[in-house]
Amino acid sequence: MSESQSNSRNPLHGLWALTNRELKKWYKNPFLLFMSITQPIIWMGLFGKAMNIGAIFTNFSPQLPSLIPPVYQDLIKQSISELSKQVIISTFGTADYFSYMSVGILTFVVLFTTMFSGMSIVWDRRLGFLNKVLSTPVARGSIIMSKVLSAVIRSLLQAAIVLGFALLLGLTPGPDFTPLNLLGVFAALFLISIGLSSIFILIAIRSTRWETQMAVMNLLNLPLLFASNSLFPTSLMPDWLQTVAKVNPITYANDATRQLLLYPLNMQQLIFDFTYLGMFAFVFAAVGIVLSWRYLSK
Amino acid sequence: MTAEAIIVDGLTKVFNKNLVAVDHVNFSVKEGEIFGFLGPNGAGKTTTINMLITVLKPNEGNATVCGFDILKQPSEVRNCIGVVPQEYTADEDLTGLENILLCADLYGIPRETSQKRAQELLALVELTKFKDKQVSTYSGGMRRRLELACGLINRPHVFFLDEPTLGLDVQTRAATWNYIKLLKKEYGMTILMTTHYLEEADMLCDRVAIIDHGKIVVIGAPEELKEGLGGDIMTLSIKDGSADISDVIVKVPRVKEVKKQDGTYRIKVEDGEETAPSIIEAIRTGGHTVTRLSLTKPTLDEVYLEYTGRSMREEEEAKESIFSQRVAMRRARSGQR
């Protein structure tokens, strides 16, 4: 038994090995990387630019009744345009919708990347890889956490690339922005991706059918996206939808990233966002580890 | 370390509350033995192995592997075993070497040791030339050899092989068995394996157990089991078809049973080769001439059919296992397109 004693008992050894396996599968396949980054960029470009809500007002030139003297006509037009700008700012917190939406896309990238993490555990089970891993002394929790960790790393890298493109396409950072805020942005994305990938893995932990997994993903992704402030502020939603959005962790991730990138910083709100995200990540990661002890093997 | 590498005591697994896959199974495997697990599809072979490798929890009973309790000391068990599952489990997107190193990491083997061992094992299974190629380019035989190498990375005391030759062609099967024999010689492991190819089990295994409907129906050395059937079968005919000399033949020592059918005699006999001359002699003394004689040694196939019956198995198999079998077959053939 001298053999097994010389082996490391460090759970990180196995965790990193399994994570690295997932990452290798990803970066060895540049096409997959390309596609997974292209999709959000297309969304951002088409949706963010097409829904040019600000232009509704700036392109608006009302025909005023001719009895108003021309001096006042200009004044009225000017004040309408000024008012409309205020409406936009009070709704979206920033003067242009593209900036608002492109920051929301960062969480969208995280959601769509983590969504597939459950899928890989289904495949590992079906192809027998999971059984082989379970027959080795690697910690059960490491098997789950490697899936979470690789999804997190992938999400963050993809979000970083998408953020770069957003800046190129016209995302204008807010007045309080400093490069240091980027750390906060990625911290928020880190927490939301831990929580989300844990949820999707939990759903898959016993599953042997990838069809079920696909159905679950399709069921969850758009509601999670629309019942949040990703594309539109919650304040304009009906009450019941606001309630849903207030529970949805994606709302808090978006709020945190927008605070840091676009808005004048509201420290109290930001701390609340991070607390909510931190609890979300912690609770679901912990549940994932605990259930892996019980349910990973049959 | 005990002299018994595996002791199984009343191991039982029930699926979905009523499907008894393994039903109070008892057996033990001696240190250094090659033990074969034979039985029809769905008999409970893989389920038993999965319990012994701590992937499945038994509903009842217990077992020790390398002296460790599979329920109370699962990590110790996992540390001392190697497993080659039925499926090809190596990651297609990684290279052969990367796959072996991944397995090593799962055992927490330090990188310097695992690098050295991986090279050694790759040489042993003759994959050194292909170590940096992606597994998706490997043929079935190469994948199987890679699985063997992965299973050996932690120098296991007990090695579990589940259908190691499933879907391989005859040459690759022969080669795989050579590796297994070589590995056993090199590392002196205890091996527990399942197979459908009975002539292989006969050739390789020190002892076999035939399992059916979740129960072990018979256990013993292949030779013993074949003899247990009542010896060799001799058929002979004599010149004078109408005469009945059954009573002459049955008096020859070591002849157990004689039956006359359509003018030929079917004789159950122990040690056929040595008894044949005395039978011929006895017949000649009785005044008859032997015109034709053939001797068949019972094979393990006959033992198997004797205990499991001849009816085909059409039990429903889990969709999952059929799927993984299909994938395994397809991968096995991928190199032969």
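Residues numbered from 1 in each chain as written. Chains lettered and ligands numbered in written order. Predicted model: local features only at pLDDT ≥ 70, side-chain atom pairs only at ≥ 80, totals over all residues.

All names here are of chain B. Strand order in the open sheet made by the 4 strands is β2-β1-β4-β5, with antiparallel pairing throughout. The open sheet has two edge strands, β2 (19-30) and β5 (68-69), and neither has a second partner. Strand direction decides the pairing type here: strand β1 (residues 4-15) and β2, joined by 8 bridges, are antiparallel. Residue pairing in the sheet places Val-8 in a bridge with Phe-27 of β2. (Pairing = 2+ DSSP bridges. Helix = DSSP H or I, 4+ residues; strand = E, 2+ residues; numbered from the N terminus.)

Turning our eyes to something else, we now look at the interface of chain A and chain B. Across the contact, 28 residues belong to chain A and 28 residues belong to chain B. Mapped onto the side of chain A that touches chain B, the elements with two or more residues apiece are α1 (2-6), α2 (11-27) and α8 (129-134) of chain A. Here the side of chain A that touches chain B takes 6 residues from α2(A), the largest share from any one element. Class assignment for the residues of the side of chain A that touches chain B results in 7 nonpolar, 12 polar and 9 charged. (Contact = placed C-beta atoms within 7 Å. Nonpolar A, V, L, I, M, F, W, Y, C, P; charged D, E, K, R; others polar.)

All names here are of chain A. As assigned here, chain A comprises domain 1 (18-50 + 94-295) and domain 2 (52-92). Between the C-alpha centres of domain 1 and domain 2 there is a distance of 39 Å. Each partner contributes residues to the interface: domain 1 has 9 residues there, and domain 2 has 8 residues. Within the residue set of the side of domain 1 that touches domain 2, elements represented by two or more residues are α3 (30-50) and α6 (97-114). (Domains from an automatic or database assignment.)

This part covers the packing of α6(A) against helix α9 (residues 140-169) of chain A. All names here are of chain A. Packing of α6 against α9 leaves a shortest axis separation of 9 Å and a crossing angle of 150°. When the interaxial angle is binned, α6 and α9 end up roughly antiparallel. The way α6 lies across α9 gives a crossing that is right-handed. Facing Ser-102, Ile-105, Leu-106, Val-109, Val-110, Thr-113 and Thr-114 of α6, the residues of α9 in contact are Ala-151, Arg-154, Ser-155, Gln-158, Ala-159, Val-162, Leu-163 and Ala-166. For the contact of α6 with α9, the residue count by class is 9 nonpolar, 5 polar and 1 charged. (Axes fitted to C-alpha atoms, helices over the stretch in contact; angles between N-to-C directions. Parallel < 35°, antiparallel > 145°, perpendicular 65-115°, else oblique. Left-handed = near helix turned anticlockwise from the far one by under 90°.)

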